[in-house]
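Working through the structure, step by step
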Amino acid sequence: MKLDGMAEAFVDLQAQDATADLSHAEWLGLLIDREVATRNTRRSQTRMRAAKLRHIGAAIEDVDFRTPRKLDRALFQQLATGRWIKGARNLMITGPCGVGKTWLACALGQKACRDNLTVIYQRLPRLFADLDLAHGDGRFPRLFRSLVRADLLILDDWGPDRLTAGQRRDLMEIVEDRHGRGSILITSQLPVAAWHDVIDEPTFADAVLDRLVHNAYRLELDGHSMRRSTDATEQVDEGPTP
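So, a few notes on the structure that sits alongside this text. (Residues numbered from 1 in each chain as written. Predicted model: local features only at pLDDT ≥ 70, side-chain atom pairs only at ≥ 80, totals over all residues. Heavy atoms only, no water.)

**Thoughts on the sheet that holds strand β2 (residues 119-123)**
Taking strand neighbours across the sheet as the criterion, the five strands line up as β2-β3-β4-β1-β5 in an open arrangement whose pairing is parallel. Unpaired on one side and paired on the other, β2 and β5 (216-220) mark the two borders of the sheet. Across the sheet, the mean angle separating the axes of adjacent strands is 15° when strand polarity is ignored. Bridge count between strand β3 (residues 152-158) and strand β4 (residues 183-188): five bridges; the pairing is parallel. The residue of β4 that forms the bridge with Ile-154 is Leu-185. Those strands touched by helix α6 (residues 124-137) are β2 and β3, and its axis lies near 105° from that of β3. Set on the sheet, helix α8 (residues 165-178) makes contact with β3 and β4; between it and β3 the angle comes to about 145°. (Pairing = 2+ DSSP bridges. Helix = DSSP H or I, 4+ residues; strand = E, 2+ residues; numbered from the N terminus. Axes fitted to C-alpha atoms, helices over the stretch in contact; angles between N-to-C directions. Contact = heavy atoms within 4.5 Å.)

**Quick look at the pattern of salt bridges**
Applying the stated criterion across every chain, the model contains 10 salt bridges. Glu-61 serves as the salt-bridge partner of Arg-114, at 2.7 Å between the closest nitrogen and oxygen. With a gap of 53 residues between them, Arg-114 in helix α5 (residues 101-114) and Glu-61 in the loop between α2 (24-51) and α3 (73-80) connect regions that are remote in the sequence. Under the relative-accessibility criterion, Arg-114 is labelled partly exposed at 38%. Here Glu-61 falls in the exposed class, since its relative accessible area comes to 52%. As a salt-bridge pair, Arg-139 and Asp-130 come within 2.9 Å of each other at their nearest N and O atoms. The class of Asp-130 is partly exposed, set by a relative accessible area of 24%. (Salt bridge = Lys/Arg side-chain N within 4 Å of Asp/Glu carboxyl O. Buried < 20%, exposed > 50% of the residue type's maximum accessible area, 1.4 Å probe, protein only.)

**Observations regarding helix α10 (residues 202-213)**
Its 12 residues place the ends of α10 16 Å apart at the C-alpha level, agreeing with the 16 Å of an ideal helix rising 1.5 Å per residue. Where the residues of α10 are buried, they touch β1 (90-94), α8, β4, α9 (195-199) and β5. At the N-terminal boundary of α10, the capping side chain belongs to Glu-201, with an oxygen 2.9 Å from the backbone nitrogen of Thr-203. (Expected span 1.5 Å × (residues − 1). Polar contact = N/O pair within 3.5 Å; in protein donor to acceptor, adjacent residues only side chain to side chain.)

By themselves, these figures tell us nothing about what the structure is for.
Following this line, the structure appears as structure tokens:
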């Protein structure tokens, strides 16, 4: 029956003298609670594996609000509730290199996984390369469906290179299909005002940015790099457990 949580709880309870006086209903309640918790943990772990977050250890509980980088604490705590994802709103995180944009995006992605939401993380340069290959080998429909069906799509490292015609079309299709149905989180070193030039075609740029920005929250960071100079993985310091 695959009731592993209940089985483990039964063994644990039997080993505790204090549970001898529990009624059958109390025993059953404890067993069911453990089974529910075990299943929720497994589902969360499955969603985390599927998300492929760059910083798998990033968590909203470890966000560093002490370092001066203009991180709006009240807004971030509001975003951490996940209501913006359930409302299919977007989020733009901008700022210079090393201030923790990707880490914060992954922390919000991890919280979404814990909240029973589906998440996909993609670095935009790599995603565009994969989409280009997928057009030729027949994988495009399946890849496209996965990108548009997730509750939260994290697109990391927008710009500074201008998009090609094919990249503009693919981005427009993704944004259009997700509009009003799912959230997009974009990180970029460029301010949002410069994104029009990155898209590099006025009609596409107006259409894409209208769908991305009009209902989006913005975290606009600034400050010095938080990266450890000796960290080969480019992990960002964010608290006691980076």
